[in-house]
Amino acid sequence: MYRSALWIVIAIISTGCDRMITPKHAQQLKDAETKAASGDFARAISLYESALEDRPTDAEVHYKLALLYDDKMNDPLDALHHFKRYLVIAPNGTHTNDVKGLVKRDEVALLTSLSGDAVISRAEATRLRNENLALRKDLDEARGRSHIATGEQAANPAKIKGPDTGGKQTYVVQHGDTLASISRKFYKTSTHWKQILDANPDVINDPKKLAPGQTLVIPKR
């Protein structure tokens, strides 16, 4: 009798924290690890991203996703998104020092792939580091207002999806958005960020730094 009451109290306290680890969530993580071990990296990424829908602040899942995008998919943009989410959620986590180094490396790789240059100057590398610090500050502020933003979007769906125009839809950029996060909103996966970038050549000047208030065209799939 006493033990039953104790477990009930523990369950009630747990519901006040971040969402509990459900059997579905645990199974998704297990399946993702199995797929990654077998070389099915695309499926592993899909399972990890589904797991994030239940626990978006699971730093370890963000870390594993970032490594998959970085090492297996050669996708530094999505890797950066998840590495930076890890740093925001777990600034003193087990992988923090490694992640900081990987962020710097991926920023250089991304800039190189966009510019077509083999190397960048020391001044450019310094600028990237400074932008990374500013982005982390913005993410910290955005995290504190995320529940407000979610409520506003629910009350005003037009901010997420605009009217169709020639078979396309639009989206107004919110504070803290990235191409990867917008891709996830519309396609349930962050892997289609490049299609959004390609659809907005006259709007997006810097794919790593979207401006709140920009209206983006979202291609239908």
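Structural data are supplied above this passage.
Calculation criteria
Residues numbered from 1 in each chain as written. Predicted model: local features only at pLDDT ≥ 70, side-chain atom pairs only at ≥ 80, totals over all residues. Heavy atoms only, no water. Buried < 20%, exposed > 50% of the residue type's maximum accessible area, 1.4 Å probe, protein only. Helix = DSSP H or I, 4+ residues; strand = E, 2+ residues; numbered from the N terminus. Pairing = 2+ DSSP bridges. Axes fitted to C-alpha atoms, helices over the stretch in contact; angles between N-to-C directions. Parallel < 35°, antiparallel > 145°, perpendicular 65-115°, else oblique. Left-handed = near helix turned anticlockwise from the far one by under 90°. Contact = heavy atoms within 4.5 Å. Nonpolar A, V, L, I, M, F, W, Y, C, P; charged D, E, K, R; others polar. Phe/Tyr/Trp six-rings, centres within 6.5 Å; stacked < 30°, edge-to-face > 60°.

A. The pairing of strand S1 (residues 168-172), seen in detail. Residues of S1 alternate between two faces, with Gln169 and Tyr171 buried on one and Lys168, Thr170 and Val172 left unburied on the opposite face. The pairing of S1 with strand S2 (residues 215-219) spans 5 bridges and is classified as antiparallel. Its bridge partner lying in S2, Tyr171 is registered against Leu216.

B. Here's a closer look at the packing of helix H2 (residues 23-38) against helix H3 (residues 41-54). With their axes 8 Å apart at the nearest point, H2 and H3 run at an angle of 160° to one another. One finds that H2 runs roughly antiparallel with respect to H3. Read as a crossing pair, H2 and H3 show a hand that is left-handed. Between H2, through Lys24, His25, Gln28, Leu29, Asp31, Ala32, Glu33, Lys35 and Ala36, and H3, the contact on the second element is made entirely by Phe41, Arg43, Ala44, Leu47, Tyr48, Ser50, Ala51 and Asp54. Residues that form the contact of H2 with H3 fall into these classes: 8 nonpolar, 3 polar and 6 charged.

C. Highlighting the packing of aromatic side chains. Taken as a whole and judged by the stated rule, the model has 2 aromatic pairs. Relative to Tyr86, the ring of Tyr63 has its centre 5.7 Å away and its plane inclined at 50°; by these criteria the two rings are tilted. Highlighted residues: Tyr63 in helix H4 (residues 59-72) and Tyr86 in helix H5 (residues 76-89), separated in sequence by 23 residues. The exposure class assigned to Tyr63 is buried, which follows from its relative accessible area of 12%. Centre to centre, the rings of Tyr171 and Phe186 are 5.7 Å apart; their planes meet at 85°, and the pair counts as edge-to-face. With Tyr171 in strand S1 and Phe186 in helix H8 (residues 179-187), this pair connects stretches of sequence that are 15 residues apart. Among the residues examined, Phe186 registers a relative accessible area of 13% and is labelled buried.

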